Amino acid sequence: MKKFTDVHDIGDLRVAIAEAMAVKANRFAYDTLGRNKTLLMIFFNSSLRTRLSTQKAAMNLGMNVMVLDVNQGAWKLETERGVIMDGDKPEHLLEAIPVMGCYCDIIGVRSFAGLHDKAEDYGERVLQQFIRHSGKPVFSMEAATRHPLQSFADLITIEEYKKKKRPKVVLTWAPHPKALPQAVPNSFVEWMVAAGYDVVVTHPEGYELDPSFTKGAEIVYDRKKAFEGADFIYAKNWSAYADPNYGKVLNTDRAWTVDSEAMGWTDDAYFMHCLPVRRNMIVTDDVIESAQSLVIPEAANREISAQVVLKRFLEEGL
Ligand code: AN0
Ligand code: CP
């Protein structure tokens, strides 16, 4: 594996899940694999889970870890080529990336969508520049259009809790006051369809995702119908994808908050969310605190998904 940015990079999902379960059963079995190897994690955006779980996964493998918050203490980076750099950004990404590549063996990048320019976001400009110019294996810690470490952890969690071979997994839009990227829902659907589950996506009109991600999933606008018979409810907010509203919040309709009435329409479904979550916007206190809520086991599995990815890079030889 030379990069990890989408579901195709991990290969056969059954093999990946089996590897994840083995890592989880003994996470220190490979504690010398990463000896004298350095992971560099670059954050252009905030993080709690990704930062801690990925660092922990690297430590389980015996790696050294460096973390750079680009917006805290590093030089402000210009990302556009051809710009006359007479503004407030003293350094260009095109020098910064190969320099960072000199100091490490693997690079993780968090770089969210700007939500202003769809072509720029969906072209994954920042992530692609790291892949092209760092000279090192690169993995996404949530880029503009996908969050594969999250989706892999979600897959592991569903495999652990599912009661049927092919569960019904429902992704539901839920309200949020600020514009959020489509990366988590895009990626979630991509992985769930690849896993062969019965995947349903429900959202108000106007929140249609990029159809290349929802291919293989059923879109059901009637939320109650979508929830019926569900085994897993995965809530997430995202901003509009379709033009001319790309990146906009079209409404914050609290009728879409996941509450116990909506969970009552399901087949005693588990509740999932990647976190961070705004309570009583996305989900009510009672649902997130219920016995059916998997938000903590799901977050715990972030260590496992990250460890499988780092282990694969290390085994490939760096
Ligand atoms: C981010 C998002 O929606 O993509 C990160 C989620 C893991 N969420 C927020 O910015 C609140
Ligand atoms: N779920 C997730 O990626 O959380 P963080 O943004 O805190 O890393």
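Check the entry above for the structure.
Nothing here was measured: the structure is a model prediction, and the numbers come from that model. (Residues numbered from 1 in each chain as written. Chains lettered and ligands numbered in written order. Predicted model: local features only at pLDDT ≥ 70, side-chain atom pairs only at ≥ 80, totals over all residues. Heavy atoms only, no water.)

With parallel pairing, the five strands of this open sheet are ordered in space as S10-S9-S8-S11-S12. Each having just a single partner strand, strand S10 (218–219) and strand S12 (270–272) make up the two edges of the open sheet. (Pairing = 2+ DSSP bridges. Helix = DSSP H or I, 4+ residues; strand = E, 2+ residues; numbered from the N terminus.)

Let us now look at the side chain of Ser-151. Inspection of the secondary structure puts Ser-151 in helix H6 (residues 148–161). Overall, the relative accessible area of 1% leaves Ser-151 in the buried class. In this structure the side chain of Ser-151 is engaged in a polar contact, spanning 3.5 Å, whose partner is the backbone nitrogen of Phe-188. Not counting the four nearest positions on each side in its chain, Ser-151 is found in contact with Ser-187, Phe-188, Trp-191 and Met-192. (Buried < 20%, exposed > 50% of the residue type's maximum accessible area, 1.4 Å probe, protein only. Polar contact = N/O pair within 3.5 Å; in protein donor to acceptor, adjacent residues only side chain to side chain. Contact = heavy atoms within 4.5 Å.)

A separate point is the nonpolar core. By size, the foremost hydrophobic cluster in this structure holds 53 residues, and its most contacted members are Phe-4, Ile-10, Phe-139, Phe-152, Trp-191, Met-192 and Val-309. Looking at which element gives the most residues to this core, the answer is helix H12 (residues 295–316), with seven residues. Aside from chain neighbours lying at most four places away, what touches Phe-4 is Asp-9, Ile-10, Val-138, Phe-139, Ser-140, Pro-148, Leu-149, Trp-191, Val-309 and Phe-313. One finds Ala-174, Val-220, Val-283 and Val-287 within the second-largest nonpolar core, a separate group that totals 20 residues. (Core = buried A, V, L, I, M, F, W, Y, C linked by side-chain atoms within 4.5 Å.)

Quick look at the site of ligand 2 now. Taken together, Ser-47, Leu-48, Arg-49, Thr-50, Arg-110, His-147, Gln-150, Cys-274, Leu-275 and Arg-302 are the residues near ligand 2. Interatomic distance of 3.0 Å between a backbone N/O atom of Cys-274 and a nitrogen atom of ligand 2. Here a nitrogen atom of ligand 2 sits 2.9 Å away from a polar atom, N or O, in the main chain of Leu-275. Contact with the protein chains hides 93% of the accessible area of ligand 2, taken as 260 Å² for the molecule alone. For the shell around ligand 2, the residue count by class is three nonpolar, four polar and three charged. (Near = heavy atom within 4 Å. Areas by Shrake-Rupley, 256 points an atom, 1.4 Å probe, with all protein chains shown as cover. Nonpolar A, V, L, I, M, F, W, Y, C, P; charged D, E, K, R; others polar.)

In this structure the tally under the stated criterion is 21 salt bridges. With its nearest N and O atoms 3.1 Å apart, the salt bridge here joins Glu-159 to Lys-162. Residue Arg-279 is joined to Glu-289 by a salt bridge in which the shortest nitrogen-to-oxygen separation is 2.6 Å. Placement of Arg-279 in the loop between S12 and helix H11 (285–288) and of Glu-289 in the loop between H11 and H12 is noted, with a sequence separation of ten residues between them. Connected through shared salt-bridge partners, Glu-19, Lys-311, Arg-312 and Glu-315 make up one network. (Salt bridge = Lys/Arg side-chain N within 4 Å of Asp/Glu carboxyl O.)

Quick look at the pairing of strand S11 (residues 232–236) now. Buried residues dominate S11, accounting for five of its five residues. Residues Phe-232, Tyr-234 and Lys-236 of S11 are buried on one face, and the alternating residues Ile-233 and Ala-235, pointing to the opposite face, are buried as well. Of the pairings in the sheet, the one linking S11 to S12 comprises three bridges and is parallel in character. Its bridge partner being in S12, Ile-233 is matched across the sheet by Phe-271.

Another point: the packing of helix H2 (residues 49–60) against H12. Running from amino to carboxyl end, H2 crosses H12 at an angle of 50 degrees, the nearest separation of the two axes being 8 Å. Considering their axes alone, H2 and H12 lie oblique with respect to each other. The element H2 and its partner H12 pack so that their crossing is right-handed. Judged by residue contacts, Arg-49, Thr-50, Ser-53, Thr-54, Lys-56, Ala-57, Ala-58 and Asn-60 of H2 engage Ala-299, Arg-302, Glu-303, Ala-306, Gln-307 and Leu-310 from H12. Considering only residue class, the contact of H2 with H12 consists of five nonpolar, five polar and four charged. (Axes fitted to C-alpha atoms, helices over the stretch in contact; angles between N-to-C directions. Parallel < 35°, antiparallel > 145°, perpendicular 65-115°, else oblique. Left-handed = near helix turned anticlockwise from the far one by under 90°.)

What follows concerns the site of ligand 1. Every residue near ligand 1 is listed here: Phe-112, Glu-142, His-147, Leu-180, Pro-181, Lys-236, Cys-274, Leu-275 and Pro-276. Between ligand 1 and the protein, one listed contact pairs an oxygen atom with a side-chain N or O atom of Glu-142 at 2.6 Å. Lys-236 places a polar side-chain atom, nitrogen or oxygen, 2.7 Å from an oxygen atom of ligand 1. Contact with the protein chains removes 82% of the 340 Å² of surface that ligand 1 exposes when unbound.

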